Amino acid sequence: MARDTLLLIDGHALVYRAFFAMPALSNSRGEMTNAVFGYTSMLLKVFGEHSPTYAIACFDPPGPTFRHTEFADYKAQRPSMPDELRRQLPICREITEALNIPMIELPGFEADDVIGTLSRRAEESGLDVLILTGDLDALQLVTEHVSVYATRRGITETIVYDVPKVWERYGFPPAQVVDFKALQGDVSDNIPGVPGIGEKTAKALIQEYGPLESILAAVPSMKEGKVKRLLTEHADQAALSKRMATIVVDVDVPFEIEKARLSDYDVERVKALFDHLEFRSLMSRLPKYRKAESASAAADGAAGQIMLQLQDAAAGVDVTVVRSAAHADDAVRRLRSASGVAVRTVVEEPARRGRVVGLALASLDDAMSAWYVPVEHEDDGGAVGGDVLAPFTTLLGDVAVLKTVYDLKRDLLAWRARDVPVSGVDTDLLLCAYLVNTRARVPGLPLLAEELCGVRMDTEEALLGSGRNARRIAQLGVDEAAAYFGRWVAMLGPLRVALRRQLDEFSMRTLHDDMELPLVPILAEMEVCGIAVDTAQLQVLSRELHERIVAIESEVHDIAGHTFNIGSTQQLATVLYDDLGLAMGRRTKTGRSTDADTLESLRGEHPVVDLVLEWRQLTKLKGTYVDALPLLVEGDGRVHTSFNQTVATTGRLSSSDPNLQNVPVRTDWGQRIRRTFVADDREHVLISADYSQIELRVLAHVTNDTDLVEAFRRGEDIHTRTAAEVCGVEPAAVTPEMRRNAKVVNFGVLYGLSDFGLARDTGMSKEDARGFITTYFEKFAAVANYLEQIRNFAREWGYVETLFGRRRYIPDIRAANQGIRRAAERMAVNMPIQGTAADIMKLAMIRTDRQLHDAGLRTRLMLQVHDELVLEAPRAEVDELAPLLRTAMGEAATLTVPLDVDVKVGENWGDMKLLATVAGMAR
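### Some points on the overall build of the protein chain
When helices and strands are tallied, the protein chain shows 38 helices and 26 strands. Since a compact globule built from 923 residues should have a radius of gyration of about 29 Å, the 33 Å found for the protein chain is in line with a globular shape. Taken along its principal axes, the extent of the C-alpha atoms in the protein chain is 95 × 80 × 55 Å. Out of the 923 residues belonging to the protein chain, those deemed buried represent 52%. Sequence separation of 24 or more characterises 69% of the internal contacts of the protein chain that already satisfy a separation of 6 or more. For the protein chain, the exposed surface amounts to about 40,100 Å²; the carbon and sulfur share of it is 49%.

Here it is as structure tokens:
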């Protein structure tokens, strides 16, 4: 007969594990919630997987326990609980109470001891026991009817330890796990064990002799050697370690099992808690023992019912593999009758080359059905004919059929290569997740499915495997692919509901609909377009760089008096700090630092420092661009970068494979590399449209500083104006050095520039730099006030935002560590300015693309590099472009200051001149 199950929750261990494993999450009020989210998520997960009958949560009491009384050093090395964690513990208790789970806390004993006692009593009463913990100490409690549900790899993975599983891990029974700790010790609890005995020896001793008492009894008969000596010398310490590690199972604690029965709880209270914490994604995962909700508190319409269907379905999604024209017509008819269609193109990367393997589709009205069309599977009979595929490609191009996708750019690129348009997409869930994401990286769809809908899915890596055994998508069997991607595409409907609701809550729907989504097809076309590269010039440049690098190495070796590897940080540190006696910079985990900041601070101390910095710069340029670019040139003679829309937390685009946004612009070598990016032929030229000082103009707008605003309105040189104000001279009297220092400060205030940073970047003394910054903020008081307001807003709400409502969460803004907190403050200050500039550039790209098309021009956008657009234009269109670009970009946003755009033209990216000064470019 099946036994009921008691769930014992190791509260403190689980909260600790969640705090250090989860990213630094916070809600919109700036309250840290990562530990609470991880703790709650684990509770709901175990309820969903194991459906226990009873549950009790055990917490550690304040103050010492009997172990501290016997052994003063017990856990003595542990740092005090971080304030960010301490504030979350009461909330975890509140959630536990709201779920109607009784809590036990016994003075003088740890939660482990209460759990050990309750597990024994429950087992004796005929119950199975499941212990939920982040601490493997509990494995000593495992029996035939007691298992441990443990988290690993943070909290992303779990494992259930029963008796065979413990044997598999250690090679001995669960009861002897405590003997293992007694021998090896436990650093986390400061249990000493036997010094010199590690994991391998401890296991071998237990496997040969049994528990610690038997091991110590056998010491006299052991052969002479290190092990015998260590056990003899530390026998008492081993016995003490075992007492410290042993979980007590006979604590005097009440055991009233019926009070722990999981029964109705106050759903509205839980909802209120989750709403306050902004854990709305967890609402759909509440345990099944809850009482029925009222109609007003039920799932959100039909879409909510779809979520529940998905969670409760035992058989999963019903996926139809479409192999005949009749099946195709029936599927398309049903899809067209739906309110919208979810689409997933199964493609082998790069998507731009159009290796479409399959197409998965689902109705947004029915999360339990999906269709899979095999297009280019490699198994026999995998592909379908054109008559089968045609109805679906027509559907893809039908603008009247609203579609939801995850990564529209992938779909556009894949189908474009097959001359199939994709139209009517009104929601890209990748963009939605990016906009509302509070973490450093956007979670993938399987994680979103679990967090927002309570549905567990394998990742594509799990499907395809990794390493040598990894398969390509085209190597999947049709049925296998259909099962996975059918379920995958069926998740888009429920995720659409959850993510669009979050967009509305954060007032970000406009960002998605009017900025991010319209930008996707533009980026796809730019990737297809690429940019031509002169490989012959790159070969010449490679030889020259090689010669200069070899010359630098020779000069450095002559100075050092011996040859060494300049690229080795340890060998370089020896030369700089030991041989040449330079002042040592900071230390790192691997030794003395030779990083860029350290070497920059040593400039002028010795000629070798400048040589090493130059060597690093040139070797990087050679490896990253000069030698790499020719290998990336495709058959059309062009390099095709990928533009990443969902990476940078500021909203900026990034570029990869290759990264064309970091090609240097301020050095001679960098300019020579830029000259290798050329127009396609003599009939075309390159056009550069660059915002002039856009971040400073945004700063002038948001601060409304009178001097800044008036200077930009009058078209003054802002750096000269700043230098004049700070130095107390007329603009005509500003020297190049004054202007240079003012320029560093103007841009530096956006990044929290310090007096040390200004001194480093300008050569000023630290005292002069401090005075310059102080005077700057006195003259531009509105800027100082704005920066302080932003920092205060971030501290109160936990995020900052751009003028267009794009948010960046700053979880460390109230960190106890000063260095971490100041870095967070710099992020808080910078993001609204840089992010607003990035938003304006995105709007400018959309306006520019639209106006190019409306004017019937053949000019194409190719690159976006921060504040600059690079286009390729027929010479005959050059004269039209200057006014078009200045209007399209200059009117992308309305600020209190004008958005000036410099338009340049040239045969290559390096040699460009202002278009107003160029004549005769058009033929």
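### Re the nonpolar core
In terms of nonpolar packing, the biggest core is built from 172 residues, with Phe485, Ile687 and Tyr691 touching the most fellow members. Sort the elements by how many residues they give to this core and helix H37 (residues 818-854) lands first, with 13 residues. In this view, Tyr691 contacts Ile840, Met841, Ala844, Asp867, Met889, Gly890, Ala892, Leu899, Asp900 and Val901; residues no more than four positions away in its chain are not counted.

### Considerations on the pattern of salt bridges
The full count for this structure, using the stated rule, is 63 salt bridges. Arg344 serves as the salt-bridge partner of Glu460, at 3.0 Å between the closest nitrogen and oxygen. In this pair, Glu460 is assigned in helix H20 (residues 460-464) and Arg344 in strand S8 (residues 341-348), connecting sequence segments 116 residues apart. A single salt-bridge network, built from bridges that share partners, covers Asp707, Glu710, Arg713, Arg714, Glu716, Arg721 and Glu725.

### Observations regarding helix H25 (residues 569-579)
Note on helix geometry: an α-helix contains 3.6 residues per turn, so any two residues three or four positions apart are oriented the same way. For H25, the complete set of buried residues consists of Leu572, Ala573, Val575, Leu576 and Tyr577. Take H25 and look down its axis: the buried residues cluster within an arc of 165°, on one side only. Taken from the residues just after H25, Gly581 is the one with a positive phi, measuring 70°.

### Quick word on the sheet that holds strand S16 (residues 638-639)
Whenever strands of a sheet pair, they do so through backbone hydrogen bonds, lying parallel or antiparallel. An order of S16-S13-S19 is seen for the 3 strands of this open sheet, with the pairing classed as antiparallel. In the strand order of this sheet, the two ends are held by S16 and strand S19 (677-678), each with one partner. Examined bridge by bridge, strand S13 (residues 531-533) and S16 share 2 bridges and lie antiparallel to one another. What sits directly across from Ala532, in S16, is Arg638.

### A few points about the sheet that holds strand S25 (residues 901-906)
The strand order across the open sheet built from 5 strands is S23-S24-S20-S25-S26, with neighbouring strands paired in antiparallel fashion. Both outer strands of the open sheet, strand S23 (860-865) and strand S26 (913-914), are each paired with one neighbouring strand and no more.

### Some details on the packing of helix H31 (residues 706-713) against helix H32 (residues 718-727)
It is the contact of H31 with H32, at a shortest axis distance of 10 Å, that shows an interaxial angle of 145°. Of the two possible hands of crossing, H31 and H32 adopt the one that is right-handed. Across from Asp707, Leu708, Ala711 and Phe712 in H31, the residues of H32 making contact are Ile718, Arg721 and Glu725. Residue classes in the contact of H31 with H32 are distributed as 4 nonpolar, no polar and 3 charged.

### Some words on helix H36 (residues 781-797)
Taking 1.5 Å of rise per residue, 17 residues should cover 24 Å, and H36 covers 24 Å from first to last C-alpha, within 8% of that figure. Close packing links the buried residues of H36 with helix H30 (694-703), H31, helix H35 (766-779), strand S21 (799-801) and H37. Of the residues trailing H36, Gly798 is marked for its positive phi of about 85°.

### Some details on the packing of aromatic side chains
Across all of its chains, the model carries 14 aromatic pairs by this definition. Taking 5.0 Å as the distance between ring centres and 90° as the angle between the ring planes, the aromatic pair formed by Tyr484 and Phe485 counts as edge-to-face. For the pair Tyr484 and Phe485, a shared accessibility class is recorded, and that class is buried. A ring pair is formed by Tyr776 and Phe780, whose centres lie 4.9 Å apart and whose planes are at 35°; its orientation type is tilted.

### Comments concerning the side chain of Asp137
Looking at where Asp137 falls in the secondary structure, it is placed in the loop between strand S4 (128-133) and strand S5 (146-152). Among residues more than four places away in sequence, those in contact with Asp137 are Asp112, Lys181, Asp186, Asp189 and Ile247.

### Overview of the pairing of strand S9 (residues 355-363)
Of all 9 residues in S9, 8 are buried; the element is thus mostly enclosed. Relative to S9, S8 is paired through 8 bridges, and the arrangement is antiparallel. Each bridged residue has a counterpart across the sheet, and for Glu348 the counterpart in S9 is Arg355. Linkage of S8 to S9, two consecutive antiparallel strands, is achieved through a turn of 6 residues, within which Gly354 is found at a positive phi near 70°. Here S9 hands over to strand S10 (residues 369-374) after 5 residues, the two strands then running antiparallel side by side.

### Some remarks on unusual backbone geometry
Geometrically, the link from Glu349 to Pro350 is a cis peptide bond, its omega value of -5° lying close to zero. You can see Pro350 is positioned in the loop between S8 and S9. For the bond from Asp657 to Pro658, the omega torsion is 0°, close enough to zero to count as cis. With respect to the helices, strands and loops of the structure, Pro658 is situated in the loop between strand S18 (654-656) and helix H29 (668-674). Within the chain, Asp419 stands out as a residue other than glycine whose phi angle is a positive 60°. Checked against the element boundaries, Asp419 lands in the loop between helix H17 (408-416) and strand S12 (425-428). The exposure class of Asp419 is exposed, given its relative accessible area of 70%.

### A word on the confidence of the model for the protein chain
Looking at the protein chain as a whole, the pLDDT averages 87, with 93% of positions reaching at least 70. Segment residues 290-315: pLDDT under 50, and 42 contacts once partners within four positions in sequence are set aside and those in other chains are kept. Contacts from residues 917-923, a stretch scored under 50 in pLDDT, to residues over four places away or in other chains number 12 contacts.

### A word on the environment of Ala742
Structurally, Ala742 can be placed in helix H33 (residues 736-748). In this structure, the C-alpha to C-alpha distance between Ala742 and Ala723, residues 19 residues apart in sequence, is 5.2 Å. For Ala742, the contacting residues outside a window of four places in its chain are His719, Thr722, Ala723 and Phe772.

### Digging into the pairing of S4
Burial of S4 is extensive: 5 of the 6 residues sit out of reach of the surface. For strand S1 (residues 5-10) and S4, the ladder comprises 5 bridges, and the chain directions are parallel. Considered in S4, the bridge of Leu8 is made with Ile131.

### A few points about the packing of H17 against helix H23 (residues 509-529)
Two numbers describe how H17 lies on H23: the axes approach to 9 Å, and their chain directions differ by 45°. Of the possible angle classes, the one that applies to H17 and H23 is oblique. In this structure, H17 meets H23 at a crossing whose hand is right-handed. Residues Leu408, Lys409, Leu412, Leu413 and Arg416 of H17 lie in contact with H23, whose contacting residues are Leu517, Val520, Pro521, Leu523, Ala524, Glu525, Glu527 and Val528. Residue classes in the contact of H17 with H23 are distributed as 9 nonpolar, no polar and 4 charged.

Reading the values: rules and limits
Residues numbered from 1 in each chain as written. Predicted model: local features only at pLDDT ≥ 70, side-chain atom pairs only at ≥ 80, totals over all residues. Heavy atoms only, no water. Helix = DSSP H or I, 4+ residues; strand = E, 2+ residues; numbered from the N terminus. Rg over C-alpha atoms; globule rule 2.2 N^0.38 Å. Buried < 20%, exposed > 50% of the residue type's maximum accessible area, 1.4 Å probe, protein only. Contact = heavy atoms within 4.5 Å. Areas by Shrake-Rupley, 256 points an atom, 1.4 Å probe, with all protein chains shown as cover. Core = buried A, V, L, I, M, F, W, Y, C linked by side-chain atoms within 4.5 Å. Salt bridge = Lys/Arg side-chain N within 4 Å of Asp/Glu carboxyl O. Arc of directions from axis to C-beta. Pairing = 2+ DSSP bridges. Axes fitted to C-alpha atoms, helices over the stretch in contact; angles between N-to-C directions. Left-handed = near helix turned anticlockwise from the far one by under 90°. Nonpolar A, V, L, I, M, F, W, Y, C, P; charged D, E, K, R; others polar. Expected span 1.5 Å × (residues − 1). Phe/Tyr/Trp six-rings, centres within 6.5 Å; stacked < 30°, edge-to-face > 60°. pLDDT = per-residue confidence, 0-100. Parallel < 35°, antiparallel > 145°, perpendicular 65-115°, else oblique.

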